[in-house]
Amino acid sequence: MSMLITGIGELVTNDETVDGAVDDPLHARLGVIRDAAVVLGGGSEDSAPTVEWVGPADRAPAADWSVSLEGRAVVPGFVDSHSHLVFDGDRSAEFAARMSGTPYDGGGIAATVEATRAADRPRLRELLQQRVSEMRSQGTTTVEVKSGYGLTVEDEVTALRLAREVTPEVTYLGAHVVPPEARGSAAERAAYLDLVCGEMLQACAPHARWIDVFCEPASPHAFDGEESRRVLEAGRDAGLGLRVHGNQLGQGPGVQLAVELGAASVDHCTFLTTADVEALAGSDTVATLLPGVEFSTRQPYPDARRLLDAGVQVAIATDCNPGTCYSSSMPLMIALAVREMGMTPAEALRAATLTAATSLRRTDIGRIAVGMRADMALVDAPSWLHIPYRVGVPLVRALEV
(Lines give C-alpha, C1' and ligand atoms only; values in the text may rest on other atoms or scores of the structure.)
Protein backbone atom coordinates (compact mmCIF):
# COMPACT_ATOMS: atom_id res chain seq x y z
CA MET A 1 0.00 0.00 0.00
CA SER A 2 1.32 3.44 -0.94
CA MET A 3 0.53 6.62 0.97
CA LEU A 4 0.55 10.20 -0.34
CA ILE A 5 1.32 12.90 2.22
CA THR A 6 0.33 16.22 0.70
CA GLY A 7 -0.48 19.73 1.89
CA ILE A 8 3.07 20.16 3.23
CA GLY A 9 3.67 23.89 3.51
CA GLU A 10 7.45 23.48 3.68
CA LEU A 11 9.39 20.25 3.33
CA VAL A 12 13.01 20.04 4.46
CA THR A 13 14.64 17.15 2.58
CA ASN A 14 18.36 17.74 3.27
CA ASP A 15 18.77 16.79 -0.39
CA GLU A 16 20.22 19.75 -2.29
CA THR A 17 19.54 18.10 -5.65
CA VAL A 18 15.82 17.51 -5.15
CA ASP A 19 13.52 18.87 -7.84
CA GLY A 20 11.75 22.09 -6.88
CA ALA A 21 14.08 23.07 -4.02
CA VAL A 22 14.22 26.70 -2.89
CA ASP A 23 17.54 28.37 -3.66
CA ASP A 24 18.31 31.08 -1.10
CA PRO A 25 20.83 31.58 1.75
CA LEU A 26 18.23 31.20 4.51
CA HIS A 27 17.56 27.61 3.47
CA ALA A 28 21.09 26.80 2.36
CA ARG A 29 21.74 23.07 1.82
CA LEU A 30 18.35 22.07 3.23
CA GLY A 31 16.66 21.17 -0.05
CA VAL A 32 13.44 22.94 0.99
CA ILE A 33 10.35 22.44 -1.19
CA ARG A 34 7.29 24.61 -0.63
CA ASP A 35 3.79 23.18 -1.19
CA ALA A 36 5.31 19.71 -1.26
CA ALA A 37 4.26 16.08 -1.16
CA VAL A 38 5.84 12.74 -0.27
CA VAL A 39 4.81 9.25 -1.31
CA LEU A 40 5.63 6.39 1.05
CA GLY A 41 5.58 2.66 0.38
CA GLY A 42 6.38 -0.65 1.99
CA GLY A 43 6.33 -1.03 5.72
CA SER A 44 5.42 -4.06 7.81
CA GLU A 45 5.90 -5.41 11.29
CA ASP A 46 9.50 -6.15 10.34
CA SER A 47 10.40 -3.05 8.31
CA ALA A 48 9.70 0.66 8.28
CA PRO A 49 8.04 2.44 5.35
CA THR A 50 10.38 4.06 2.85
CA VAL A 51 10.17 7.17 0.69
CA GLU A 52 9.13 6.42 -2.91
CA TRP A 53 8.71 9.95 -4.29
CA VAL A 54 9.39 13.56 -3.17
CA GLY A 55 8.54 16.82 -4.90
CA PRO A 56 6.06 19.63 -5.48
CA ALA A 57 2.48 18.63 -4.63
CA ASP A 58 1.15 19.49 -8.08
CA ARG A 59 3.41 16.81 -9.60
CA ALA A 60 2.68 14.03 -7.09
CA PRO A 61 1.79 10.61 -8.47
CA ALA A 62 -1.31 8.75 -7.40
CA ALA A 63 -1.22 6.56 -4.29
CA ASP A 64 -3.51 4.04 -2.63
CA TRP A 65 -4.56 6.62 -0.07
CA SER A 66 -3.63 10.14 0.97
CA VAL A 67 -3.56 12.56 3.89
CA SER A 68 -3.17 16.34 3.93
CA LEU A 69 -1.08 18.17 6.51
CA GLU A 70 -2.93 21.41 5.75
CA GLY A 71 0.07 23.65 5.30
CA ARG A 72 2.26 22.39 8.16
CA ALA A 73 6.01 21.93 7.74
CA VAL A 74 7.84 18.60 7.72
CA VAL A 75 11.51 17.97 8.52
CA PRO A 76 13.60 14.79 8.73
CA GLY A 77 13.15 13.13 12.10
CA PHE A 78 15.72 14.33 14.59
CA VAL A 79 18.68 12.02 15.21
CA ASP A 80 19.73 12.25 18.86
CA SER A 81 23.17 10.67 18.66
CA HIS A 82 24.17 10.99 22.33
CA SER A 83 21.97 10.02 25.27
CA HIS A 84 22.10 8.15 28.59
CA LEU A 85 18.53 6.95 29.07
CA VAL A 86 18.88 3.79 31.19
CA PHE A 87 18.95 5.08 34.75
CA ASP A 88 16.97 5.62 37.92
CA GLY A 89 17.26 8.32 40.54
CA ASP A 90 17.02 12.09 40.76
CA ARG A 91 19.76 14.74 40.73
CA SER A 92 17.74 17.93 40.71
CA ALA A 93 19.47 19.08 43.90
CA GLU A 94 22.81 18.80 42.10
CA PHE A 95 21.46 21.02 39.33
CA ALA A 96 20.36 23.59 41.92
CA ALA A 97 23.81 23.49 43.51
CA ARG A 98 25.47 24.15 40.15
CA MET A 99 23.17 27.08 39.55
CA SER A 100 24.39 28.38 42.91
CA GLY A 101 28.04 28.11 41.93
CA THR A 102 29.18 24.51 42.56
CA PRO A 103 31.33 23.39 39.59
CA TYR A 104 30.70 20.13 37.75
CA ASP A 105 33.43 17.47 37.88
CA GLY A 106 31.64 14.23 37.04
CA GLY A 107 31.38 13.03 40.62
CA GLY A 108 27.58 13.08 40.73
CA ILE A 109 27.44 10.10 38.38
CA ALA A 110 28.04 7.92 41.45
CA ALA A 111 24.61 8.84 42.81
CA THR A 112 22.95 7.65 39.61
CA VAL A 113 25.01 4.45 39.66
CA GLU A 114 23.73 3.68 43.15
CA ALA A 115 20.09 4.30 42.21
CA THR A 116 20.33 2.38 38.94
CA ARG A 117 21.93 -0.65 40.54
CA ALA A 118 19.09 -0.71 43.07
CA ALA A 119 16.34 -0.60 40.40
CA ASP A 120 14.91 -3.79 38.97
CA ARG A 121 14.72 -4.48 35.26
CA PRO A 122 10.96 -3.77 34.83
CA ARG A 123 11.37 -0.33 36.39
CA LEU A 124 14.36 0.53 34.21
CA ARG A 125 12.45 -0.65 31.14
CA GLU A 126 9.44 1.50 32.06
CA LEU A 127 11.60 4.60 32.62
CA LEU A 128 13.47 4.02 29.35
CA GLN A 129 10.26 3.65 27.36
CA GLN A 130 8.85 6.82 28.92
CA ARG A 131 11.96 8.78 27.91
CA VAL A 132 11.93 7.47 24.35
CA SER A 133 8.24 8.34 24.07
CA GLU A 134 9.04 11.83 25.35
CA MET A 135 11.69 12.17 22.65
CA ARG A 136 9.31 11.08 19.89
CA SER A 137 6.78 13.63 21.10
CA GLN A 138 9.43 16.26 20.29
CA GLY A 139 10.40 14.97 16.85
CA THR A 140 13.19 12.49 17.57
CA THR A 141 12.94 9.33 15.48
CA THR A 142 16.42 7.85 16.05
CA VAL A 143 18.25 7.81 19.37
CA GLU A 144 21.59 6.44 20.49
CA VAL A 145 21.52 5.05 24.05
CA LYS A 146 24.55 4.38 26.25
CA SER A 147 25.04 2.17 29.26
CA GLY A 148 27.33 3.48 31.99
CA TYR A 149 25.20 3.73 35.13
CA GLY A 150 25.71 0.14 36.25
CA LEU A 151 29.49 -0.31 36.09
CA THR A 152 29.30 -3.99 36.97
CA VAL A 153 29.19 -6.76 34.38
CA GLU A 154 25.60 -7.70 35.20
CA ASP A 155 24.29 -4.14 35.37
CA GLU A 156 25.97 -3.05 32.15
CA VAL A 157 24.62 -6.05 30.25
CA THR A 158 21.13 -5.30 31.60
CA ALA A 159 21.34 -1.69 30.44
CA LEU A 160 22.47 -2.68 26.95
CA ARG A 161 19.80 -5.32 26.55
CA LEU A 162 17.12 -2.81 27.54
CA ALA A 163 18.55 -0.21 25.16
CA ARG A 164 18.42 -2.75 22.31
CA GLU A 165 14.67 -2.97 22.83
CA VAL A 166 14.25 0.66 21.70
CA THR A 167 17.13 1.32 19.28
CA PRO A 168 19.88 -0.39 17.28
CA GLU A 169 22.25 2.44 18.24
CA VAL A 170 23.47 1.00 21.53
CA THR A 171 26.77 2.03 23.14
CA TYR A 172 28.78 0.20 25.79
CA LEU A 173 30.06 2.80 28.28
CA GLY A 174 31.60 0.77 31.07
CA ALA A 175 34.32 3.44 31.02
CA HIS A 176 31.93 6.20 32.06
CA VAL A 177 33.64 6.79 35.39
CA VAL A 178 35.55 4.71 37.90
CA PRO A 179 32.87 3.40 40.27
CA PRO A 180 33.04 4.44 43.94
CA GLU A 181 34.18 1.01 45.11
CA ALA A 182 37.26 1.20 42.83
CA ARG A 183 38.50 4.66 43.83
CA GLY A 184 40.41 3.71 46.95
CA SER A 185 43.78 3.07 45.33
CA ALA A 186 45.64 2.99 42.03
CA ALA A 187 45.50 -0.81 42.12
CA GLU A 188 41.70 -0.79 42.45
CA ARG A 189 41.42 1.69 39.59
CA ALA A 190 43.67 -0.48 37.41
CA ALA A 191 41.60 -3.56 38.27
CA TYR A 192 38.43 -1.80 37.17
CA LEU A 193 40.04 -0.83 33.86
CA ASP A 194 41.03 -4.48 33.40
CA LEU A 195 37.38 -5.42 33.97
CA VAL A 196 36.11 -2.85 31.45
CA CYS A 197 38.51 -4.08 28.79
CA GLY A 198 38.16 -7.76 29.65
CA GLU A 199 35.24 -9.63 31.20
CA MET A 200 32.78 -6.72 31.01
CA LEU A 201 33.59 -6.03 27.36
CA GLN A 202 33.23 -9.71 26.43
CA ALA A 203 29.80 -9.82 28.08
CA CYS A 204 28.61 -6.49 26.64
CA ALA A 205 29.94 -6.54 23.09
CA PRO A 206 27.23 -8.87 21.71
CA HIS A 207 24.57 -6.35 22.78
CA ALA A 208 26.23 -3.14 21.54
CA ARG A 209 27.17 -1.47 18.28
CA TRP A 210 29.55 1.10 19.80
CA ILE A 211 32.03 1.60 22.63
CA ASP A 212 32.59 4.94 24.34
CA VAL A 213 34.86 6.35 27.04
CA PHE A 214 34.80 9.50 29.18
CA CYS A 215 38.28 10.76 28.30
CA GLU A 216 38.68 13.65 30.72
CA PRO A 217 41.92 14.03 32.70
CA ALA A 218 40.43 17.16 34.33
CA SER A 219 38.05 14.89 36.27
CA PRO A 220 39.47 12.53 38.93
CA HIS A 221 36.55 10.18 38.24
CA ALA A 222 37.02 9.79 34.47
CA PHE A 223 39.87 8.40 32.35
CA ASP A 224 43.13 9.84 31.06
CA GLY A 225 44.46 9.54 27.53
CA GLU A 226 46.30 6.23 27.90
CA GLU A 227 43.44 4.61 29.80
CA SER A 228 41.02 5.81 27.13
CA ARG A 229 43.23 4.47 24.34
CA ARG A 230 43.24 1.06 25.96
CA VAL A 231 39.42 1.04 26.25
CA LEU A 232 38.90 2.12 22.64
CA GLU A 233 41.44 -0.30 21.19
CA ALA A 234 39.90 -3.16 23.17
CA GLY A 235 36.46 -2.22 21.87
CA ARG A 236 37.72 -1.96 18.31
CA ASP A 237 39.32 -5.41 18.61
CA ALA A 238 35.93 -6.71 19.80
CA GLY A 239 34.28 -5.36 16.64
CA LEU A 240 32.65 -2.25 18.10
CA GLY A 241 32.61 1.20 16.51
CA LEU A 242 34.28 4.00 18.44
CA ARG A 243 32.80 7.07 20.14
CA VAL A 244 34.48 9.41 22.64
CA HIS A 245 33.43 11.84 25.35
CA GLY A 246 36.21 14.41 24.99
CA ASN A 247 37.36 17.91 25.92
CA GLN A 248 34.34 18.66 28.09
CA LEU A 249 35.94 20.10 31.23
CA GLY A 250 39.20 21.33 29.74
CA GLN A 251 41.70 20.84 26.95
CA GLY A 252 42.87 17.26 26.75
CA PRO A 253 43.68 14.27 24.55
CA GLY A 254 40.11 13.23 23.69
CA VAL A 255 39.77 14.85 20.27
CA GLN A 256 43.23 13.84 19.05
CA LEU A 257 42.69 10.27 20.24
CA ALA A 258 39.29 10.07 18.54
CA VAL A 259 40.72 11.29 15.23
CA GLU A 260 43.78 9.03 15.43
CA LEU A 261 41.68 5.92 16.04
CA GLY A 262 39.01 6.84 13.50
CA ALA A 263 36.15 7.31 15.93
CA ALA A 264 32.81 8.10 14.33
CA SER A 265 32.21 10.93 16.77
CA VAL A 266 33.87 12.87 19.57
CA ASP A 267 31.28 14.50 21.79
CA HIS A 268 31.28 17.70 23.89
CA CYS A 269 34.31 19.47 22.27
CA THR A 270 33.89 22.41 24.63
CA PHE A 271 37.59 23.22 25.03
CA LEU A 272 39.57 22.86 21.81
CA THR A 273 43.04 23.88 20.70
CA THR A 274 43.83 25.00 17.17
CA ALA A 275 45.43 21.59 16.63
CA ASP A 276 42.21 19.89 17.72
CA VAL A 277 40.16 21.86 15.20
CA GLU A 278 42.65 21.15 12.43
CA ALA A 279 42.65 17.44 13.26
CA LEU A 280 38.85 17.28 13.13
CA ALA A 281 38.76 19.22 9.86
CA GLY A 282 41.09 16.71 8.25
CA SER A 283 39.17 13.65 9.42
CA ASP A 284 35.89 11.78 9.10
CA THR A 285 35.22 12.16 12.84
CA VAL A 286 32.13 14.21 13.61
CA ALA A 287 32.26 16.79 16.39
CA THR A 288 29.00 16.32 18.29
CA LEU A 289 28.13 19.35 20.39
CA LEU A 290 25.82 19.10 23.39
CA PRO A 291 24.53 22.61 24.15
CA GLY A 292 22.12 21.44 26.84
CA VAL A 293 25.13 20.48 28.95
CA GLU A 294 26.52 24.00 28.90
CA PHE A 295 23.04 25.35 29.65
CA SER A 296 22.81 23.01 32.66
CA THR A 297 26.37 23.42 33.97
CA ARG A 298 27.07 27.09 33.17
CA GLN A 299 30.22 26.18 31.29
CA PRO A 300 31.17 28.10 28.14
CA TYR A 301 29.35 26.97 25.02
CA PRO A 302 31.43 25.31 22.28
CA ASP A 303 32.28 27.59 19.34
CA ALA A 304 30.41 25.86 16.53
CA ARG A 305 31.15 28.72 14.15
CA ARG A 306 34.87 28.12 14.50
CA LEU A 307 34.43 24.43 13.72
CA LEU A 308 32.12 24.94 10.76
CA ASP A 309 34.32 27.60 9.21
CA ALA A 310 37.26 25.19 9.48
CA GLY A 311 35.32 22.51 7.59
CA VAL A 312 34.54 20.25 10.56
CA GLN A 313 31.41 18.09 10.43
CA VAL A 314 29.26 19.27 13.35
CA ALA A 315 26.30 17.44 14.89
CA ILE A 316 24.19 18.35 17.90
CA ALA A 317 22.51 16.04 20.41
CA THR A 318 20.83 16.27 23.81
CA ASP A 319 23.14 14.17 26.03
CA CYS A 320 19.90 13.47 27.91
CA ASN A 321 21.05 12.27 31.33
CA PRO A 322 20.10 12.88 34.97
CA GLY A 323 23.12 15.01 35.87
CA THR A 324 24.29 17.49 33.26
CA CYS A 325 21.31 17.79 30.91
CA TYR A 326 18.01 16.22 31.83
CA SER A 327 16.37 17.41 28.62
CA SER A 328 15.13 15.22 25.79
CA SER A 329 14.32 18.17 23.53
CA MET A 330 16.16 18.38 20.22
CA PRO A 331 14.22 21.56 19.35
CA LEU A 332 15.75 23.17 22.43
CA MET A 333 19.23 22.04 21.36
CA ILE A 334 18.66 23.62 17.93
CA ALA A 335 17.60 26.89 19.53
CA LEU A 336 20.64 26.90 21.85
CA ALA A 337 22.98 26.11 18.96
CA VAL A 338 21.60 29.10 17.06
CA ARG A 339 21.51 31.51 20.00
CA GLU A 340 24.69 30.51 21.83
CA MET A 341 27.05 28.65 19.47
CA GLY A 342 27.08 30.75 16.31
CA MET A 343 25.15 28.38 14.04
CA THR A 344 22.62 29.56 11.50
CA PRO A 345 19.16 27.97 11.80
CA ALA A 346 19.83 25.93 8.65
CA GLU A 347 23.17 24.67 10.00
CA ALA A 348 21.59 23.71 13.31
CA LEU A 349 18.79 21.77 11.64
CA ARG A 350 21.24 19.83 9.48
CA ALA A 351 23.38 19.17 12.56
CA ALA A 352 20.36 17.67 14.33
CA THR A 353 19.42 15.47 11.39
CA LEU A 354 21.83 14.69 8.55
CA THR A 355 25.17 15.22 10.31
CA ALA A 356 23.91 13.47 13.43
CA ALA A 357 23.07 10.52 11.18
CA THR A 358 26.62 10.69 9.81
CA SER A 359 27.94 10.52 13.37
CA LEU A 360 26.15 7.17 13.65
CA ARG A 361 27.46 6.11 10.22
CA ARG A 362 23.88 5.83 9.02
CA THR A 363 22.92 6.54 5.41
CA ASP A 364 19.23 5.59 5.64
CA ILE A 365 18.10 8.43 7.92
CA GLY A 366 18.59 12.20 8.21
CA ARG A 367 17.16 12.97 4.75
CA ILE A 368 13.78 12.76 3.07
CA ALA A 369 14.73 11.23 -0.26
CA VAL A 370 13.81 8.24 -2.39
CA GLY A 371 14.88 5.00 -0.73
CA MET A 372 15.32 6.50 2.74
CA ARG A 373 13.42 5.41 5.81
CA ALA A 374 10.23 7.40 6.27
CA ASP A 375 11.49 9.01 9.48
CA MET A 376 9.89 12.44 9.50
CA ALA A 377 8.80 15.04 12.03
CA LEU A 378 5.76 17.29 11.79
CA VAL A 379 6.11 20.98 12.67
CA ASP A 380 2.83 22.57 13.74
CA ALA A 381 3.72 25.77 11.90
CA PRO A 382 4.05 26.88 8.25
CA SER A 383 7.87 26.90 8.30
CA TRP A 384 10.65 24.85 9.86
CA LEU A 385 12.11 28.18 11.06
CA HIS A 386 9.56 28.14 13.87
CA ILE A 387 11.65 25.44 15.59
CA PRO A 388 14.32 27.88 16.87
CA TYR A 389 12.02 30.91 16.53
CA ARG A 390 9.36 29.70 19.00
CA VAL A 391 11.76 28.26 21.56
CA GLY A 392 10.09 26.25 24.29
CA VAL A 393 6.80 25.80 22.41
CA PRO A 394 5.92 22.13 21.69
CA LEU A 395 5.56 22.41 17.92
CA VAL A 396 7.39 19.29 16.71
CA ARG A 397 6.51 15.61 16.97
CA ALA A 398 7.43 12.43 15.13
CA LEU A 399 5.12 11.90 12.17
CA GLU A 400 3.47 8.52 12.63
CA VAL A 401 2.97 6.78 9.29
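Our structure's up above, just so we're on the same page.
Not measured: the values here are computed from a predicted model.

The rules behind the values
Residues numbered from 1 in each chain as written. Predicted model: local features only at pLDDT ≥ 70, side-chain atom pairs only at ≥ 80, totals over all residues. Heavy atoms only, no water. Helix = DSSP H or I, 4+ residues; strand = E, 2+ residues; numbered from the N terminus. Buried < 20%, exposed > 50% of the residue type's maximum accessible area, 1.4 Å probe, protein only. Areas by Shrake-Rupley, 256 points an atom, 1.4 Å probe, with all protein chains shown as cover. Lys, Arg positive; Asp, Glu negative; His and termini not counted. Charge placed at Lys NZ, Arg CZ, Asp CG, Glu CD. Disulfide = S-S within 2.5 Å. 1 Å grid on protein atoms, 1.4 Å probe; cavity = no way out; pocket = protein on both sides within 12 Å on 5 of 7 lines; lining within 4 Å. Points joined across faces, edges and corners; volume = space filled by probe spheres on them. Nonpolar A, V, L, I, M, F, W, Y, C, P; charged D, E, K, R; others polar. Polar contact = N/O pair within 3.5 Å; in protein donor to acceptor, adjacent residues only side chain to side chain. Contact = heavy atoms within 4.5 Å. Axes fitted to C-alpha atoms, helices over the stretch in contact; angles between N-to-C directions. Parallel < 35°, antiparallel > 145°, perpendicular 65-115°, else oblique. Left-handed = near helix turned anticlockwise from the far one by under 90°. Core = buried A, V, L, I, M, F, W, Y, C linked by side-chain atoms within 4.5 Å. Salt bridge = Lys/Arg side-chain N within 4 Å of Asp/Glu carboxyl O. Pairing = 2+ DSSP bridges.

Asks: What is the right way to read the overall build of the chain from this model?
Replies: Check the secondary structure of the chain and you find 15 helices and 16 strands. Seen through its principal axes, the chain has C-alpha atoms that stretch 70 × 45 × 40 Å. Residues classed as buried in the chain amount to 57% of the 401 residues present. Here the chain has roughly 15,300 Å² of accessible surface; of this, 50% comes from carbon and sulfur atoms. Across the chain, the 33 positively charged side chains and the 54 negatively charged ones have centroids separated by 1 Å.

Asks: Please clarify how the state of the cysteines should be interpreted in this entry.
Replies: In a disulfide, the sulfur atoms of two cysteines are held together by a covalent bond. If you walk through the whole model with that rule in mind, you get zero disulfides. Of the cysteine sulfurs around Cys215, a residue in no disulfide, the closest is that of Cys269, at 11 Å. Look at Cys215 and you get buried, because its relative accessible area is 1%. There is no disulfide at Cys325, and the cysteine sulfur nearest it, in Cys320, is 6.7 Å away.

Asks: Explain empty space enclosed by the protein here, please?
Replies: In this approach the atoms are scanned with a rolling probe the size of a water molecule, which exposes any empty space left behind. With the rule as written, the count across this model stands at one cavity of 30 Å³ or more. Along the walls of the largest cavity sit 15 residues, with His84, Tyr104, His176, Asp319 and Thr324 positioned nearest its centre. For the lining of the largest cavity, the class distribution of residues is four nonpolar, nine polar and two charged.

Asks: Can you walk me through the layout of surface pockets in this structure?
Replies: The volume enclosed by the largest pocket comes to roughly 330 Å³. Going through the elements one at a time, helix 13 (345-351) and helix 14 (354-359) are the ones with two or more residues in the lining of the largest pocket. Its residues placed into classes, the lining of the largest pocket shows nine nonpolar, five polar and three charged. Taken as a whole, the second largest pocket holds about 210 Å³ of empty space. Lining of the second largest pocket is provided by Ala48, Pro49, Arg136, Thr141, Arg373, Ala374, Asp375, Met376, Leu399, Glu400 and Val401. Each residue belonging to the lining of the second largest pocket can be placed in one class, and the counts come to six nonpolar, one polar and four charged.

Asks: Honestly, the side chain of Arg131 in this entry has me stumped. Any pointers?
Replies: Position of Arg131 among the secondary structure elements: in helix 3 (residues 121-136). Only 2.9 Å separates the side chain of Arg131 from the backbone oxygen of Phe87, close enough to count as a polar contact. The contacts of Arg131, once residues within four sequence positions are left out, are Leu85, Phe87 and Tyr326.

Asks: Help me understand the packing of helix 5 (residues 186-197) against helix 7 (residues 225-237) in this model?
Replies: Packed helices, taken two at a time, are described by the angle their axes make and the gap between the axes. Two elements in contact, helix 5 and helix 7, have axes separated by 9 Å at closest approach and are oriented at 20°. One element, helix 5, and the other, helix 7, form an angle in the roughly parallel class. The two elements helix 5 and helix 7 cross, and the hand of that crossing is right-handed. Of helix 7, the residues touching helix 5 (which contributes Arg189, Leu193, Asp194, Val196 and Cys197) are Glu227, Arg230, Val231 and Ala234. In the contact of helix 5 with helix 7, the residues fall into five nonpolar, no polar and four charged.

Asks: I keep staring at unusual backbone geometry and nothing clicks. Help me out?
Replies: What you tend to see is this: most non-glycine residues have negative phi, and most peptide bonds are trans. Not every positive phi belongs to a glycine, and Asp319 is a case in point at roughly 55°. Position of Asp319 relative to the elements: it lies in the loop between strand 14 (314-316) and helix 12 (330-340). For Asp319, a relative accessible area of 3% puts it in the buried group. In this structure, Arg361 takes a positive phi of about 55° despite not being glycine. What makes Arg361 partly exposed here is its relative accessible area of 36%.

Asks: Would you take a moment to explain the nonpolar core for this structure?
Replies: Membership of the largest hydrophobic core comes to 94 residues, with the highest contact counts inside it found for Val75, Phe78, Tyr172, Leu307, Ile316, Met343 and Leu349. Looking at this core element by element, the count peaks at five residues for helix 4 (residues 153-164). Apart from residues no more than four positions distant in its own chain, Tyr172 is found in contact with Ser147, Glu156, Leu160, Val196, Met200, Leu201, Cys204, Ala208, Trp210, Ile211, Asp212 and Leu240. Val51, Val74, Ile368 and Leu399 belong to the second-largest nonpolar core, a separate cluster that totals 18 residues.

Asks: Sorry if this is basic, but what is going on with the pattern of salt bridges here?
Replies: A pair can form between side chains of opposite charge whenever their charged atoms are brought close. Under the definition given, this model contains 23 salt bridges. When the shortest N-O distance is used, the salt bridge between Glu165 and Arg125 registers 2.9 Å. One end of the pair, Glu165, is in the loop between helix 4 and strand 9 (170-175); the other, Arg125, is in helix 3, and 40 residues separate them in sequence. Residue classification places Glu165 among the partly exposed residues on the basis of a relative accessible area of 42%. The residue Lys146 makes a salt bridge to Asp212 at a minimum N-O spacing of 2.7 Å. Highlighted residues: Lys146 in strand 8 (residues 145-146) and Asp212 in strand 10 (residues 210-215), separated in sequence by 66 residues. For Lys146, a relative accessible area of 1% translates into the label buried. Relative accessible area serves as the criterion here: at 0%, Asp212 is assigned to the buried category.

Asks: Sorry, what's going on with the sheet that holds strand 11 (residues 241-246) here?
Replies: Strand pairing in a sheet is mediated by backbone hydrogen bonds. Such pairs are either parallel or antiparallel. In space, the seven strands of this open sheet follow the order 8-9-10-11-12-13-14, with parallel pairing throughout. Pairing within the sheet leaves two strands with one partner each, and these edge strands are strand 8 and strand 14. As paired strands, strand 10 and strand 11 are joined by four bridges and run parallel to one another. Each bridged residue has a counterpart across the sheet, and for Cys215 the counterpart in strand 11 is Gly246. Across the sheet, helix 4 is in contact with strand 8 and strand 9; its angle to strand 9 comes to roughly 165°. In this fold helix 8 (residues 254-261) packs onto strand 10, strand 11 and strand 12 (265-268), with an angle of close to 170° to the strand it touches most, strand 11.

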